[in-house]
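# Close look at the chain arrangement
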Amino acid sequence: MLNLIISAFALVFIVFAFQGAPLWAWTAYAAAILYGLKATPVAWGIFAAVALIFNTPIRRIISGVVMNILIKMKFIPKISDTELQALKAGDVWLERDLFSGSPDYKKMRATHYPKLSAEEQAFMDGPVEELCKMSDDWKIWNDGDLPDDVWQFIKDNKFFGMIIPKEYGGLGFSHFAHAEVIQKLSSRSVPVCVTVMVPNSLGPAELLLHYGTKEQKDELLPKLACGEHIPCFALTEPTAGSDAASIKSQATVFKDENGEIKLRMNWNKRWITLAAKSTIMGMAFRMFDPDNILGRGEDLGITCALIPSSTAGVKADRRHDPLGVPFFNCPTQGNDVEVPISTIIGGPEMAGRGWEMLMGCLAAGRGISLPAQSVGGAKATSLIVSAHSTLRKQFGMGIGNFEGVQSPMGEIVGMTYALEAARKNTLSALDSGIKPPVVTAMLKYYSTEFARKIINHGMDIIGGAGISRGPNNLLAHAYIAAPIGITVEGANILTRTLIIFGQGAIRAHQYVYSQFEAIQNKDVKMFDGAFWGHVGLVFRNTFRALILSMTRGYAALGALGEGKQWRAYQKITWASSVFALFTDFALSLLGGTLKAKGQLSGRFADVFSWMYVAQSSLRRFDEEGQIKEDLPLLEYSLERSFYEIKVAFDGILENFEHPVFKYIIAPVFKFLFAINPIGHAIKDNTEFRLARMIQNNVEQRKRLNEGIFIPTAEHERFAQLEKAFEAFHDTKGIHKKVRAAAKAKKIKKAHPTDLYTQSMEQNIISKEEFDHVASVNKMANEVIQVDDFPAQ
């Protein structure tokens, strides 16, 4: 019995403590187990043979055979140069921990949580606040463009130069400050937000900063910063949307009559924001050198250049109508446009490196603009819906008291908290110089999906006030614009099914990318280390996943040091271990065919994403000082995350059709998850609690939704709504007196005079209190009115 206990302890110790240990350590501990079990000579002989193979050059011979078999089987699909550049773009961050099966939470919290500098806060309180005040969203939608004074204010205050360093005349803001500006503008006007957002996202300034020559930076960045140049970036085409690498725009290298090397360009682009307003165009195209003038062959690949919009042959005088949202989104064509070769960003030596540039910039950009826009809209919706539900009465009470309203309202509040947590967590990496493309792609997907669900809930709750457009409708324009965020910067359907897991599994996995590279380069030495390391990882994760699933995660003892929320960290570790194991089975059993199994990949992406949401929510709660009244928000985020992880795992177990997984692995984990579910559906009371909280805790409501624009002008409906909401809370004590009097039958409901008049007449409330309630009721009645227009 003692031998069995020693052996079991040694096994668990190996699985959990000796991750990544050298082979001699594995050999020694395996020998210890055999000794503890009093192994027979036959067992020792088998062990000696295996140990000899794996601790001598024989192992590399076996590795070479395995690698050649995989190559002949075409187990790993052919990867194009553009796909390879996308895989190499950016950095690997905490996604490696989540893919590992054993996350290191201290390392995952190592980046500094974002905070505005004094200068950045002054910009928020000054120019950003002023831009919001002067932007009349209803007028902008009716006019189809920003007013001239708004355009000029944006230029004069360097809104187009937020990411440009001060040495070039820009503002030199952090990624967090850039995102905060976008968040605030989005809560005021989507067209204003997009106009400011795009030049600071993927565009000429960003590309110049990272790849431009000194001459290009010195000449163009100051003009971009002050708004002398209005930029756009032309990437997408009729046949190249989410598959942007398939662009057909071309540039041919030639020498003019003076011997100067130039490019002759032809393009047909669409969905290009600000193209018709631009003075300079960033352009992505395929570059050809048929006469080999540059000495690098004929097909140089995707290249990026900066083209003055006034160049002969450039056409950009039309615009699309993106669901009526009045920002400039345009087609542009170029017909035999001739420009110097020096217009290539970074000069001629950067020819063919355009896709690398774009992927590097997107690795950061996806985590900034659209998530900030989504959070701004979500916070505004949270405030508007909670105030409206408090003031709008049906069947004798505020609609916010009905469970049918409280459920979606609670989801609005909970999802907004989780989304803000994920956004700030990601920005902590970006401002630390880390550009994690898998995390930012995930954040883009989930932030825009969350935002769409939140605005849909908001429209459902405010009902007729949401569908009646006019200057007093606070949600309709955000509702109309929601599908645009879903579509741009990589359509969400493809982001979920191709990028998050497809790219993440190769890039973030501890060994897969090395195996992939070794097979591509036929490097047996690299393959040997990666392959057997991967085999060891699979064994460790198998034991870990089984043990954690059998113990409901309680065997993740390392999480006990994570404070009061240790149980949540245990469950993330549990989810990570199963996720890592299932990932390895998907990669090893499906190989290259996994690329075509989008739905299965999407479910893996869901597990990864909700693990990230859970970790981000825990970090936000800690970073904000573990405020007790925010605990229900954290609990909602965690319950929602673990339930969504459960749903995704169930989907994988039901739809992973490979026989080995279907008939051996799936039955085991179906049984374990049936008796030990990792999550459960959110209880109604969890959502009801959040709905009541946002309607009753005025100070917490303000704090949770900081960073958006709340107007103060008396004619603004948002300002009126907030004023009426706060005034209503001032009368709660009066309402309590009246209800108590009615309960004591001092006043009668079935009476010609209303309860408040009776209460005043019987001195239950004073005349001043009666007048105060009447005034608030009048305000409430005014703010629920909707716009109407002359019939003609």
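On a predicted model such as this, the values are computed, not experimentally measured, just so you know.

Across its full length, the chain carries 33 helices and 9 strands. Here the C-alpha atoms of the chain give a radius of gyration of 30 Å, agreeing with the 28 Å that 2.2 N^0.38 yields for 792 residues. In terms of overall dimensions, the chain has a C-alpha envelope of 100 × 90 × 45 Å along the principal axes. Of the contacts formed within the chain by residues at least 6 apart in sequence, a portion of 76% connects residues at least 24 apart. As displayed, the chain offers around 34,000 Å² of accessible surface, 57% of which is attributable to carbon and sulfur atoms. When the 85 basic and 81 acidic side-chain charges of the chain are each reduced to a single mean position, those positions are 8 Å apart.

Moving on to the pairing of strand S2 (residues 250–255). Across 6 bridges, S2 lies against strand S3 (residues 261–273) in antiparallel orientation. Within S3, the residue paired with alanine 251 across the bridge is methionine 265. By the bridge criterion, 3 bridges tie S2 to strand S4 (residues 280–288) in an arrangement that is parallel. Within S4, the position partnered with glutamine 250 by the bridge is arginine 286.

Among the structural elements, serine 242 can be located in the loop between strand S1 (231–234) and S2. Serine 242 sits in the partly exposed class, given a relative accessible area of 42%. The spacing of serine 242 and aspartate 321 is 79 residues in sequence and 19 Å in space, taken between C-alpha atoms. Sequence-distant contacts of serine 242, defined by excluding residues within four places in its chain, comprise Gly490, Ala491 and Leu494.

Turning to the packing of helix H16 (residues 369–391) against helix H17 (residues 403–430), a few remarks are in order. In a packed pair of helices, the relevant descriptors are the angle between the two axes and the axis-to-axis distance. As a packed pair, H16 and H17 sit with axes 10 Å apart at the nearest point and diverge in direction by 150 degrees. In this view, H16 runs roughly antiparallel relative to H17, as classed from their interaxial angle. The interaxial crossing formed by H16 with H17 has left-handed handedness. Along its contact with H16, which presents Pro371, Ala372, Ser374, Val375, Ala378, Lys379, Thr381, Ser382, Val385, Ser386 and Ser389, the element H17 presents Val405, Met409, Ile412, Val413, Thr416, Leu419, Glu420 and Arg423. Split into classes, the residues belonging to the contact of H16 with H17 amount to 10 nonpolar, 6 polar and 3 charged.

It is worth spelling out the side chain of threonine 573 at this point. Looking at the element boundaries, threonine 573 is found in helix H24 (residues 566–590). A polar contact of 2.8 Å, which involves the side chain of threonine 573, links it to the side chain of tyrosine 105. Sequence-distant contacts of threonine 573, defined by excluding residues within four places in its chain, comprise Gly101, Pro103, Tyr105, Leu548 and Ala556.

Attention now goes to empty space enclosed by the protein. Tallying each qualifying case throughout the model produces 3 cavities of 30 Å³ or more. In terms of lining residues, the largest cavity is bounded by 15 residues, among which His388, Ala465, Asn472, Arg717 and Val783 are the most central. Looking at the lining of the largest cavity residue by residue, the classes come out as 8 nonpolar, 5 polar and 2 charged. Reported here for the second largest cavity is a volume of approximately 70 Å³. Of the residues forming the lining of the second largest cavity, the biggest block, 4 residues, is contributed by H17. Among the residues forming the lining of the second largest cavity, the class breakdown is 5 nonpolar, 3 polar and 2 charged.

This next bit is on the confidence of the model for the chain. Confidence in the prediction for the chain averages 91 pLDDT; 95% of positions are at 70 or higher. For residues 1–20, every residue scores under 50 in pLDDT, and the model assigns this stretch 29 contacts once sequence neighbours within four places are set aside.

Criteria and thresholds
Residues numbered from 1 in each chain as written. Predicted model: local features only at pLDDT ≥ 70, side-chain atom pairs only at ≥ 80, totals over all residues. Heavy atoms only, no water. Helix = DSSP H or I, 4+ residues; strand = E, 2+ residues; numbered from the N terminus. Rg over C-alpha atoms; globule rule 2.2 N^0.38 Å. Contact = heavy atoms within 4.5 Å. Areas by Shrake-Rupley, 256 points an atom, 1.4 Å probe, with all protein chains shown as cover. Lys, Arg positive; Asp, Glu negative; His and termini not counted. Charge placed at Lys NZ, Arg CZ, Asp CG, Glu CD. Pairing = 2+ DSSP bridges. Buried < 20%, exposed > 50% of the residue type's maximum accessible area, 1.4 Å probe, protein only. Axes fitted to C-alpha atoms, helices over the stretch in contact; angles between N-to-C directions. Parallel < 35°, antiparallel > 145°, perpendicular 65-115°, else oblique. Left-handed = near helix turned anticlockwise from the far one by under 90°. Nonpolar A, V, L, I, M, F, W, Y, C, P; charged D, E, K, R; others polar. Polar contact = N/O pair within 3.5 Å; in protein donor to acceptor, adjacent residues only side chain to side chain. 1 Å grid on protein atoms, 1.4 Å probe; cavity = no way out; pocket = protein on both sides within 12 Å on 5 of 7 lines; lining within 4 Å. Points joined across faces, edges and corners; volume = space filled by probe spheres on them. pLDDT = per-residue confidence, 0-100.

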